Structure formats: structure tokens, C-alpha cells
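Residue-level listing of the chains:
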Amino acid sequence: MNAAPHRPRRPERPAPRPAAPGLAVRRAAADAVDAVLEKGRPLEEALERLTRELDERDRGLARMIAATALRKFGTLRALIGSLLERGLPEKAGRVETLLVTGAAQILFMDVPDHAAVDTSVALAAESPASAGFKGLVNAVLRRVAREGKAMLPDVADQPQWMVDGWTAAYGGKDALAIAHALASEAPLDLTAKDDAAGWAEKLGGKLLSTGSIRLVEAGNVTALPGFEEGAWWVQDAAAALPARLLHAKAGETIADLCAAPGGKTAQLAATGAAVTALDRSGQRLKRLKQNLARLGLDAEIVEADAAAWKGGPFDGVLIDAPCSATGTIRRHPDVAWTKAPADIASLGALQARILANAADLVKPGGVLVYSTCSLEPEEGEKQVEALLAARPDFVRDPVAPGECGVAAEWINAAGELRTLPTHLPDADPRFAGIDGFFAARLRRRK
Ligand SMILES: C[S@@+](CC[C@H](N)C(=O)[O-])C[C@H]1O[C@@H](n2cnc3c(N)ncnc32)[C@H](O)[C@@H]1O
């Protein structure tokens, strides 16, 4: 029998080092932040793509890290700048993102500091551009962990051009307060189909003056009582006001011109009015249909351009116009970084075209509500001024304090609704605030 030929043994490779626990979650969060900041992608869309392989708990953690980093981005970037005497070289790759996401976890989230530091260092090591900065990432984040929130600078978290716009519209003091309020996490608001007081009690929530139900730390929304049976839907308390201002009722015809995904359509349909829900996006109308089906509500659905569509005339028309959405930055912190001044101008032009067409759809004596979830007067007050100047057959129908639970301070001198994220204060900050919304109610002369 031949002996097996002798082969020299291969030198043993060191076993690969196990990946730091939680690395994939942090990688997804940092990638999502980069997608927002560098490619202008919406955060939800980026997270959807980047967290597909993660389990539900890790998906939630990745979302929380990315959203916190973006919500506190101005403060965190200023903090990191102050800790780096010479700044970061252009070719440092994603080191700034790793420092911001790492510091967000250390300062604003309930995760162990060492996990935030170790995973940030491991992520730096992953790419040649940032590998040389591992030591710096480690040193900066350890210092952040040691010194804590005391070292945070008092600056706005949003881009300067936005803060300048709010300063011009609301004054410097209020602009900074708005910027700070937008950097806080928003509570969860619900609109009940009926019996809001009963549902507030069942859900352990707070019934607001406007009729919305407010919850904090509600967890998985779809697991809450009443979701399956379609008793309520998620809608910020300010977002629920424009539809309420129409005071729609059974026997009336209402057109909801920018309707998807249908929060306001649901409110209008729940009054018993005959509702036409129109939107340009077929994809978003699919979601509207699903939402109405869950709620057991009905509307005629039209896919069309609200700036050109002909129909009606209607007793009431609601325009919840496409806008920069700067009033919703608490809920969508990416908006601060994906919008630019040019967007305000182009959205303003679209809003003017939609308003001009919508005015023709209102019956004489009928009502037109124009709303946006924007803090920019160019998308609110100025649009209405321009329409009224062009259409003497329309007049403002002012909102009265107390109407629909609206506080006097939410109404401007012209009688229009102008909510700010600093409104609706609460001793418990988790319950405070409201989205920034604008709504004007106009009436067509008979
Ligand atoms: C602020 S969202 C509407 C939110 C909705 N009203 C709600 O409460 O759930 C604006 C909507 O306007 C739609 N939109 C944008 N341009 C449009 C146009 N020219 N005609 C009709 N809809 C348009 C978008 O597809 C988007 O669904």
C-alpha cells in the first residue's frame, strides 16, 4: 500500500474576528444618513432598502439612530467641529457621518456608550478612505461619552437658509424656538372615526382640544386596539384641522384635490359628505384606497392633475397642496436636508396653478380651504394673498378662536390658521408641540 504523498501543511489562517455586535444595524443607519445628505433621498425610502435583511427590532434601532442623527444634525455637527481643531480633510470619507451617528447614540439614545464607540470605529475600518481615522473616531466619541450633553452648543439643527426664512417670518426669538421644537421627537396623534373621547380612554391617550388623541411611546401602531377594526388613523393634530374647517356634512359634495394617502379624505368621508378624492400619483392613490378600505369609508377616486382637472362644482374644495413640508421636520427630519430654496419657489408655482384651477371648482357660496404643512409664508399666506388679488369673487372666511378647538394664538391677523411646532406646550415635553401648518378658508361670493 502506497503511503499518501506528504504535503506540507498550510500555515493556519487566523480565524476571522467576529463582527462587533450591532454592526449591521449601525452600518444601515450610517448608509441611510449618507443617502439623505449626499443623494437627497427620503429617509424612509433609504431605510426601507437598507434594512431589508435586518429583523424587526434592528430595523427599529437603525431607524432611531438615523432619525436622531438627522434631527440633531446641526448640534452634532457643530459639536464635532468644536472637538476637531483642524477639521476633517476632504478625503476622510464618511468619518463625519460616523461621528454624528455615534454621538447621536451616546447623547440622545439609550444604548451602551461602548457599543456606539466600538461599532463606529469598526465601520471606519471598513473603507480605505476612513480606516486611517479609526483612532480619531475612537478618541472623539470617547470624549463625547465622558463629557456628555454639557458640551452641546446651542445652535439650530436645520440649515441656515431655513432658519433665516423663519427669522424673517416670525422674528429671531421665535425662529430659534421653532428650530429647537423641530428637533424634538413628535408624539403620536390619532384621529378617531367617531367617539374620540372613548378611544382616548381605551388607548390611554390624551384627548386634545381639537379632538385628536395624543399618545407617547405607543410602540407598534398596528398592534393597538382599534387599528384592525379601522376605528382611527394616524394624523398629526394640526394636519387634522384643515378638513375640520370645511364643516362638511351629509348631503354635501366635497373635492379633496391632493388627497393621497387619504388622512383628510377619511375625515371628510366620515362626515357622510360625498367625497371626490383626487391625486396625481396612482401609486399614492393605491395607499389611499387601502386606508379607506381598512376604515370602512368610501370616496370616488380620481387620478388627475389638480392644476387642470375639471369637475364639480362642489360645495367644498380642500387643497392640501404639495409643499416643502418644513412644518413636519419633527416627524421627517430628512426634510431639513433634502429641500433647497429652489424647491420653495418651484412648489410655490405649482401651488398657485392648483389654487387657480381649484377656485373654478367651487359653487357660488361654497367654501375653499387651502392648506400646506409648510412653515414658509411663500407656500401659505402669500399664495392666498395672490389668489384673492386675482379672484375678487372670493373672500376670506376667518377662523374663530375656539372653532374646532383652535387656540387664539394659532390664528394670524387675517384669520388664517398658522400653527407652529412651539404651540400646544405641555408640562411633559413628550406630549408637547404640533406640526407647522397653514390653512386659509375662503368663500366664493354668491
Ligand atoms: C401633502 S400631500 C397630501 C396628503 C393628504 N391630503 C393626506 O391628508 O393624507 C400632497 C399630495 O399632492 C399630490 N400632488 C402633487 N402634485 C399634484 C397635482 N398636480 N395634482 C394632484 N395631486 C398632486 C401628491 O401626490 C401628494 O399625494
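Please read these numbers as outputs of a predicted model, since none were measured by experiment. (Residues numbered from 1 in each chain as written. Predicted model: local features only at pLDDT ≥ 70, side-chain atom pairs only at ≥ 80, totals over all residues.)

1. What about the site of the ligand?
- What surrounds the ligand is a group of 17 residues, the closest being Cys 258, Gly 263, Arg 280, Ala 306 and Asp 320.
- Grouping the constituent residues of the shell around the ligand by class yields 8 nonpolar, 3 polar and 6 charged. (Near = placed C-beta within 6 Å. Nonpolar A, V, L, I, M, F, W, Y, C, P; charged D, E, K, R; others polar.)

2. A word on the UniProt feature "binding site: S-adenosyl-L-methionine" (unreviewed entry) in the protein chain
- With numbering aligned to this structure, UniProt lists the feature "binding site: S-adenosyl-L-methionine" (unreviewed entry) at Cys 258, Ala 259, Ala 260, Pro 261, Gly 262, Gly 263, Lys 264, Asp 279 and Asp 320. Look at the named residues: they lie 63 residues apart in sequence, but the longest C-alpha span between them is just 12.9 Å, so in the fold they bunch up.
- Relative to the assigned elements, Ala 260 resides in the loop between β5 (253–256) and α13 (263–270).
- Residue classification places Ala 260 among the buried residues on the basis of 24 C-beta atoms within 10 Å.
- Not counting residues up to four positions away in its chain, the partners in contact with Ala 260 are Asp 279, Ser 281, Arg 284, Leu 285, Arg 287 and Leu 288.
- Among the secondary structure elements, Pro 261 is positioned in the loop between β5 and α13.
- Classification of Pro 261 as partly exposed rests on a count of 19 C-beta atoms within 10 Å.
- Excluding anything up to four places from it in sequence, Pro 261 contacts Arg 284, Arg 287, Leu 288 and Asn 291. (UniProt positions renumbered as here; feature names shortened; annotations may be inferred. Helix = DSSP H or I, 4+ residues; strand = E, 2+ residues; numbered from the N terminus. Buried ≥ 20, exposed ≤ 12 C-beta atoms within 10 Å, placed from the backbone. Contact = placed C-beta atoms within 7 Å.)

3. Side note on the domain arrangement of the protein chain
- What the domain assignment reports for the protein chain is domain 1 (23–151) and domain 2 (188–444).
- For domain 1 and domain 2, the distance between their C-alpha centroids amounts to 35 Å.
- Contacts between the two partners involve 9 residues from domain 1 and, on the opposite side, 4 residues from domain 2.
- At the level of elements, α1 (23–39) and α3 (56–71) are the ones that each hand at least two residues to the side of domain 1 that touches domain 2.
- In terms of residues, the side of domain 1 that touches domain 2 owes the most to one element, α3, which gives 3 residues.
- Residue composition of the side of domain 1 that touches domain 2, grouped by class: 7 nonpolar, 1 polar and 1 charged. (Domains from an automatic or database assignment.)

4. Topic: the packing of helix α5 (residues 95–108) against helix α6 (residues 113–125)
- Two elements in contact, α5 and α6, have axes whose closest approach is 9 Å; the angle formed by their N-to-C orientations is 170°. When the axes of α5 and α6 are compared, the pair comes out roughly antiparallel. Only Asp 113, Ala 116, Val 117, Ser 120, Leu 123 and Ala 124 of α6 make contact with α5, whose side of the interface consists of Val 95, Leu 98, Gly 102, Gln 105 and Ile 106.
- Split into classes, the residues belonging to the contact of α5 with α6 amount to 7 nonpolar, 3 polar and 1 charged. (Axes fitted to C-alpha atoms, helices over the stretch in contact; angles between N-to-C directions. Parallel < 35°, antiparallel > 145°, perpendicular 65-115°, else oblique.)

5. Brief notes about the confidence of the model for the protein chain
- Scored by pLDDT, the protein chain has a mean of 94; 96% of the residues are at 70 or more.
- A low-confidence stretch, residues 1–8 stays under pLDDT 50, and its non-local contacts, those more than four residues away or across chains, total 0 contacts.
- For this predicted complex, the interface score ipTM comes out at 0.99, alongside a pTM of 0.93. (pLDDT = per-residue confidence, 0-100.)

6. Considering the sheet that holds strand β1 (residues 188–192)
- Taken in spatial order, the 4 strands of this open sheet run β2-β3-β1-β4, and their pairing is antiparallel. In this open sheet, the two strands that pair with only one neighbour each are β2 (206–207) and β4 (232–234).
- Sheet topology places β2 next to strand β3 (residues 213–215); 2 bridges connect them, and they run antiparallel. Residue pairing in the sheet places Leu 207 in a bridge with Ile 213 of β3. (Pairing = 2+ DSSP bridges.)

7. Topic: the environment of Phe 227
- With respect to the element layout, Phe 227 can be found in the loop between β3 and β4.
- Residue classification places Phe 227 among the partly exposed positions, given that 16 C-beta atoms sit within 10 Å.
- Sequence separation between Phe 227 and Arg 294 is 67 residues, and the spatial gap between their C-alpha atoms is 8.4 Å.
- Not counting residues within four places of it along the chain, the set of residues in contact with Phe 227 comprises Val 221 and Thr 222.

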